[in-house]
Amino acid sequence: MRDALARLEQDGLLRRAPRGYRVRERTPEEVLDVYEARIVLESHAAAVAAIRHTPLDLARLRQILSEAAGATDGDQLWRCDTDFHAALRQAAYNSTIAETLYRLDAQMTVHGPYRQRRSDLAAVTLAEHEGIVAAVAARDQELARGRLTDHLTRVRDLRVTALLGGERTRRS
């Protein structure tokens, strides 16, 4: 148990408290830092996926898009979004980048304000994901990188705005 708690602290999910551990909440600035790293790494993964993907990877991405298009609730949309990013990372065939991105995802999971998937933005997210898949399918590295960067930048801004309760951030 101690080893597991120490690992969660090391991964930035917990912090030591006077009596045990507490879930670590991040400041808006820390959220921006996490997204800065995520955007660089995941946009690179998208560019690499444009070259390394297999027909099976492309079929998996398209299947997830189809499921997202038919999603009827926020939880289903959230799962499709999570599955999409996991499949895109898989298509890059770089386990180091994928593992680092999963750790960054875990750091963001503890943030309540944007945890629930906003179904009013589902069409925007689906269109962005479709654009990313089209770039990957066309084997256009720079277009895949750019579309993924634009997508995550929008999501970052939404998440920080939610965290601030509608206030504008100093670093954007």
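See the structure printed just above.
These numbers were taken from a predicted model, which means no experiment stands behind them.

Caption draft 1: The arrangement of the overall build of the chain in detail. For the chain, the count of helices and strands is seven helices and two strands. Along the chain, from the amino end to the carboxyl end, the secondary structure elements read α-β-β-α-α-α-α-α-α. A burial count over the chain gives 41% of its 172 residues as buried. In the chain, 74% of the contacts between residues at least 6 apart in sequence involve partners at least 24 apart.

Caption draft 2: Quick peek at the packing of helix 6 (residues 122–137) against helix 7 (residues 141–164). In contact at an axis separation of 8 Å, helix 6 and helix 7 are set at 160 degrees when each is read in the N-to-C sense. Viewed along their axes, helix 6 and helix 7 adopt a mutual orientation that is roughly antiparallel. Where helix 6 crosses over helix 7, the handedness of that crossing is left-handed. Note on element contacts: helix 7 touches helix 6 through Leu143, Ala144, Arg147, Leu148, His151 and Arg154, opposite Val124, Thr125, Glu128, His129, Gly131, Ile132, Ala134, Ala135 and Val136. Split into classes, the residues belonging to the contact of helix 6 with helix 7 amount to eight nonpolar, four polar and three charged.

Caption draft 3: The environment of Asp73, seen in detail. Tracing the sequence through the fold places Asp73 in the loop between helix 3 (55–69) and helix 4 (74–92). You can call Asp73 partly exposed: its relative accessible area is 36%. Each C-alpha atom, one on Asp73 and one on Ala122, is 9.8 Å from the other, the two residues being 49 residues apart in sequence.

Caption draft 4: Fine view of the packing of helix 4 against helix 6. Two elements in contact, helix 4 and helix 6, have axes separated by 12 Å at closest approach and are oriented at 20 degrees. Put simply, helix 4 runs roughly parallel to helix 6. Between helix 4 and helix 6 lies a crossing whose hand is left-handed. Along the contact surface, helix 4 presents Leu77, Asp81, Phe84, His85 and Leu88, while helix 6 presents Ala122, Thr125, His129, Ile132, Val133 and Val136. Of the residues contributing to the contact of helix 4 with helix 6, the split by class is seven nonpolar, three polar and one charged.

Caption draft 5: Quick look at the side chain of His85. With respect to the helices and strands, His85 occurs in helix 4. Of the residues examined, His85 reaches a relative accessible area of 3% and is grouped as buried. Sequence-distant contacts of His85, defined by excluding residues within four places in its chain, comprise Arg38, Glu42, His129, Leu148, His151 and Leu152.

Caption draft 6: Helix 3, seen in detail. With 15 residues, helix 3 should reach 21 Å at 1.5 Å per residue; the first-to-last C-alpha distance of 21 Å fits that figure. Looking at the buried positions of helix 3, the neighbouring elements they touch are helix 4 and helix 6.

Caption draft 7: Structural context of helix 7. Look at helix 7: 34 Å from first C-alpha to last across 24 residues, which is about the 34 Å you get at 1.5 Å a residue. Taken residue by residue, helix 7 has Ala144, Leu148, His151, Leu152, Arg154, Val155, Arg156, Arg159, Val160 and Leu164 as its buried positions. Following helix 7 by one or two positions, Gly165 has its phi on the positive side, about 70 degrees.

Caption draft 8: Here's a closer look at the environment of Ala87. Residue placement: Ala87 occurs in helix 4. Taking the relative accessible area as the measure of exposure, Ala87 reaches 4% and is therefore buried. Setting aside chain neighbours within four positions, we find Ala87 in contact with Arg60, Leu61 and Ile64.

So, how was this worked out
Residues numbered from 1 in each chain as written. Predicted model: local features only at pLDDT ≥ 70, side-chain atom pairs only at ≥ 80, totals over all residues. Heavy atoms only, no water. Helix = DSSP H or I, 4+ residues; strand = E, 2+ residues; numbered from the N terminus. Buried < 20%, exposed > 50% of the residue type's maximum accessible area, 1.4 Å probe, protein only. Contact = heavy atoms within 4.5 Å. Axes fitted to C-alpha atoms, helices over the stretch in contact; angles between N-to-C directions. Parallel < 35°, antiparallel > 145°, perpendicular 65-115°, else oblique. Left-handed = near helix turned anticlockwise from the far one by under 90°. Nonpolar A, V, L, I, M, F, W, Y, C, P; charged D, E, K, R; others polar. Expected span 1.5 Å × (residues − 1).

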